[in-house]
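Spelled out, the chains give:
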Amino acid sequence: MTGYSEFDDGFDLPGGDDFIDVTDLFVAGGQDMVPEEVLFMDDFTLMDALSAFEIGEPRLDSGMIIEEQRRPSFKPLTPLLPEEVCWILDRSFACEMEWHAGKTLSQSVFTLLFVHHLPDINPEYLVPEDDEDPARPQWLIALVIRAAMLGLLKCCDLAWRELSKNRVHDVEDWQGEKCDVSLLEGIDAEVVSQILDRACDWLRRSDFPDAQVAALIDRLLLRKVLLELYRADPLNGVDQLHVDIAAGLGLLHRIRTGEQDPLPPDSPALLAIDPHIARRLPNFMPIRVTDLPPQSKSWEALEAFLEYWQEVVQLVTSPSLLKWESAVSLRYALGRGVPPPFHRSLLQSLFFDRNLVLGAYPPRWLVDRFFQESMGLSYDSILDALERSAPEPQMVSLRDVIERRITRIILPRIRSNWFNPPRQRRHLMKEVLEWHSLYNVLLKDVARHRPPDESTAAILSAVPQAAQLWRLSACRKIILSGFQQELYAPEEKPIAYWYLARVLDAHIGCIENLLPTVPPDTTAFRELTYQAQHLTALQTISTTLVALTAGYIASPWRRISLNFLRRYKWLFNPQFDELVPAEPIPDLLAFPDALKDFLSQDDSYSPSASLQLAQDVLTQLSEQSYDWLGHWASDRIEYLHNLAVTCSHLKKVAPESLLKLPNFDLGKLKWIPEVQPWFPTVSSP
């Protein structure tokens, strides 16, 4: 499609207009047919016949051009002013960001008509004009715009290569259909980079005012920075990445703060973008016509895109499962949205590719980090404890189980953090069974060992608890993600908070069982100590919300039971029956009695005082240091502060005692995931 120039809007009907009226022929033939009789040609079905209704219907006929959509034909060599070229380059960044936001290429990048006319603006084929307007030289198009378009297409090509690795899913996360348009797959990125450099050199030698030269060069350099980022290897070029990211953000700031007047309505630059281009491109599905957002929104998207490169750099230089887990969980807890699909795919590739973790460590490194960050003990010390307490054949067997199973669970777990939220939730549902199966194996095998001393016995008893710890963490994330993704009906919310409180109670108990074995001077000890207090605060909030939202339950018990089985089907997998009980047991029958006992406390329980207690714990935690999280320490502090603020708001409307609960107005609670992903906020009076 590149270079296709036959864009002619001057026809009305496909195939011409010299048709012959055959109505009488069909009427005569139909007289010999009985009612409801249908005649078909070979390989022509009723569905094919009905599709004729789409012809001429604007909502269905993507090739139809209605009168208000007609526009002058695009001529790629129409002279342009420097400010018009700046506008086109600006919109090229907008098109790119729209593709990364989930639109198809035919809705975004391919709407920029210059990408279809690259041969027409090749400077090697242009003849110099004697009467050329010095304010509108054709070299602005042949050198500057062409370089920018080549850079845009090559950036899309490099991004497409990463996105097509199946780390993220086509159509679900991004749109990969190329519509038979070349993305310069056969041209090396270095060649495009040199073309951008030559365009900048030409501008420096031109006679344009300095301000216009600087504006155009800034945009070309920004394109070159993006190209360098796409082609970079973050595992082996961190220093250069820092330089490129800083340069990109600096150029973007200069562009945004520069003066850019709007184009006049009759500017030929406006014809360079055709939102209806999809009608002329081969597509496998109908394409809805969309408009590009305002340029300010596109700059914001590009700034966020560049800033997330900084997160990529921080992660690849952080060989820690805890940091890779915290980076995404804190991002979602702070309501910052889902990272772009390109970065989500790139991070999955960087974490594990070609049988290496972070490009440097063998898979066994995952096992060592699992025990080091869960228990504060190295894998070698675990193996030593197993070796000293079991016969050799059993030790080898258990070692094989540990390495194989933990690697098989941990690797997808870390990668799943960069799935889209619904897919991540489904992955965690499957992972819960895998963790419990590992816990079951470790529990039984450790029971066969005979430790020679108490310290070895303590280590062996803690090994299964590490798997339990990760399982309960997955359960917590699944339940909380249901609020963030707005899956729960009002009557499901009190039950969700009730079961969440039980999961948190089991999680706290697991940490308490594990802590005596963890060396006090390790990161694992500090993290587990923090989590014990953090989860206690969450449990207090959840328990209070069970009481506050109990009024939502109004459906018959059978309906509630069916909803519970459907919502928590991941806990009712028959394979759980073959393993030791997975605490807490999802027993809905225990909910009515638990709620009744809880509400019968009367004056002995105060919802507002409980929220105050949770607020105090969270406030205290937000004032501590989390240097072991590195770059994400500030995110954790912000998260704890926001959660404390949520408690403060809920406390203002919560009754002082359960005796006043019947008068509580449920309408005051509003679940707004963009404000607080898990817990309700208070509506303004």
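Residues numbered from 1 in each chain as written. Predicted model: local features only at pLDDT ≥ 70, side-chain atom pairs only at ≥ 80, totals over all residues. Heavy atoms only, no water.

**Student:** Would you mind going over the overall build of the chain with me for this structure?
**Tutor:** Each helix and strand counted, the chain has 21 helices and four strands in total. C-alpha extents for the chain along the principal axes are approximately 95 × 75 × 60 Å. Sequence-distant contacts in the chain: of pairs separated by 6 or more residues, those separated by 24 or more amount to 80%. Within the structure as shown, the chain displays about 32,600 Å² of accessible surface, and the carbon and sulfur contribution to it stands at 53%. One way to put it: in the chain the 65 positive side-chain charges average out to a point 8 Å from where the 97 negative ones average out. (Helix = DSSP H or I, 4+ residues; strand = E, 2+ residues; numbered from the N terminus. Contact = heavy atoms within 4.5 Å. Areas by Shrake-Rupley, 256 points an atom, 1.4 Å probe, with all protein chains shown as cover. Lys, Arg positive; Asp, Glu negative; His and termini not counted. Charge placed at Lys NZ, Arg CZ, Asp CG, Glu CD.)

**Student:** What's the story with the pattern of salt bridges in this structure? I'm lost.
**Tutor:** If charged atoms from side chains of opposite charge come close, those side chains can pair. Going through the model one piece at a time under the given rule, you end up with 32 salt bridges. Two residues, Asp90 and Arg219, come together in a salt bridge whose shortest N-O distance is 2.6 Å. One end of the pair, Asp90, is in helix 3 (residues 82-100); the other, Arg219, is in helix 6 (residues 210-231), and 129 residues separate them in sequence. Like Arg219, Asp90 is buried. For the salt bridge of Arg388 with Asp384, the shortest nitrogen-to-oxygen distance reads 2.9 Å. If you follow the salt bridges from partner to partner, you end up with Glu325, Arg413, Glu431 and Lys477 in one network. (Salt bridge = Lys/Arg side-chain N within 4 Å of Asp/Glu carboxyl O. Buried < 20%, exposed > 50% of the residue type's maximum accessible area, 1.4 Å probe, protein only.)

**Student:** It is not clear to me how the environment of Pro363 should be interpreted in this structure. Could you clarify?
**Tutor:** Secondary-structure assignment places Pro363 in the loop between strand 2 (356-357) and helix 11 (364-375). Remark: the alpha-carbon pair of Pro363 and Pro592, spanning 229 residues in sequence, is separated by 47 Å. Among all residues touching Pro363, those that are not within four sequence positions of it are Phe352, Asn355, Val357 and Thr407.

**Student:** Sorry if this is basic, but what is going on with unusual backbone geometry here?
**Tutor:** For residues other than glycine, phi is negative in most cases, and the peptide bonds are mostly trans. Cis peptide bonds are those with omega within 30 degrees of zero, and the linkage from Glu583 to Pro584 qualifies with 0°. Mapping Pro584 onto the fold places it in the loop between helix 18 (557-567) and helix 19 (590-599). Backbone geometry at Asn166 places phi at a positive 70°, although glycine is not the residue there. Note on Asn166: relative accessible area 56%, which makes it exposed. With a phi close to 55°, Cys179 is a non-glycine residue in the positive phi region.

**Student:** Just to check I follow, could you spell out the side chain of Thr522 for this structure?
**Tutor:** In this fold, Thr522 is placed in the loop between helix 16 (493-514) and helix 17 (523-549). Accessibility expressed as a relative area gives 13% for Thr522, which makes it buried. A distance of 3.3 Å separates the side chain of Thr522 from the backbone nitrogen of Phe525, its partner in a polar contact. (Polar contact = N/O pair within 3.5 Å; in protein donor to acceptor, adjacent residues only side chain to side chain.)

**Student:** Sorry, what's going on with the nonpolar core here?
**Tutor:** In globular proteins that are soluble, nonpolar side chains generally tend to be buried together. Grouped together as the largest cluster of nonpolar side chains are 211 residues, with contacts concentrated most on Phe110, Phe114, Met149, Leu203, Phe351, Phe371 and Tyr639. Other than its neighbours up to four places away in sequence, Phe371 contacts Gly376, Leu377, Tyr379, Ile382, Ile402, Ile406 and Val463. (Core = buried A, V, L, I, M, F, W, Y, C linked by side-chain atoms within 4.5 Å.)

**Student:** Explanation requested: the confidence of the model for the chain in the structure shown.
**Tutor:** One rule of thumb: low pLDDT means the predicted coordinates there are not for detailed reading. Summary statistics for the chain give a mean pLDDT of 90 and a share of 93% for residues scoring 70 or more. In the model, residues 1-11 has pLDDT below 50 throughout and makes 33 contacts with residues more than four positions away in sequence or in other chains. (pLDDT = per-residue confidence, 0-100.)

**Student:** What exactly am I supposed to notice about the environment of Val617 here?
**Tutor:** Structurally, Val617 is set in helix 20 (residues 607-622). When the C-alpha atoms of Val617 and Val192 are compared, they prove to be 56 Å apart, with 425 residues separating the residues in sequence. Sequence-distant contacts of Val617, defined by excluding residues within four places in its chain, comprise Gln533 and Ala537.

**Student:** What's the story with helix 7 (residues 238-257) in this structure? I'm lost.
**Tutor:** Here helix 7 contains 20 residues, and its C-alpha end-to-end distance of 29 Å stays within 8% of the 28 Å for a straight helix at 1.5 Å per residue. Here the buried face of helix 7 lies against helix 3, helix 6 and helix 8 (295-316). (Expected span 1.5 Å × (residues − 1).)

**Student:** What should I look at first to understand the packing of aromatic side chains in this one?
**Tutor:** How two aromatic rings sit relative to each other is given by the distance of their centres and the angle of their planes. One pass over the full model with this rule turns up 32 aromatic pairs. Relative to Phe342, the ring of Tyr230 lies with its centre 5.1 Å away and its plane at 75°, an arrangement referred to as edge-to-face. Of the two residues, Tyr230 is situated in helix 6 and Phe342 in helix 10 (residues 341-351); the sequence distance between them amounts to 112 residues. You can call Tyr230 buried: its relative accessible area is 8%. Judged by relative accessible area, which is 2%, Phe342 ranks as buried. An aromatic cluster of three or more residues is present, and its members are Trp498, Tyr499, Phe564, Tyr568, Trp570, Phe572 and Phe591. Positioned above the aromatic ring of Trp671, the side-chain terminus of Lys493 is 3.8 Å from the ring centre. Directly above the ring of Tyr626 sits Arg636, whose terminal nitrogen or CZ lies 5.2 Å from the centroid. (Phe/Tyr/Trp six-rings, centres within 6.5 Å; stacked < 30°, edge-to-face > 60°. Lys NZ or Arg CZ within 6 Å of the ring centre and 35° of its normal.)

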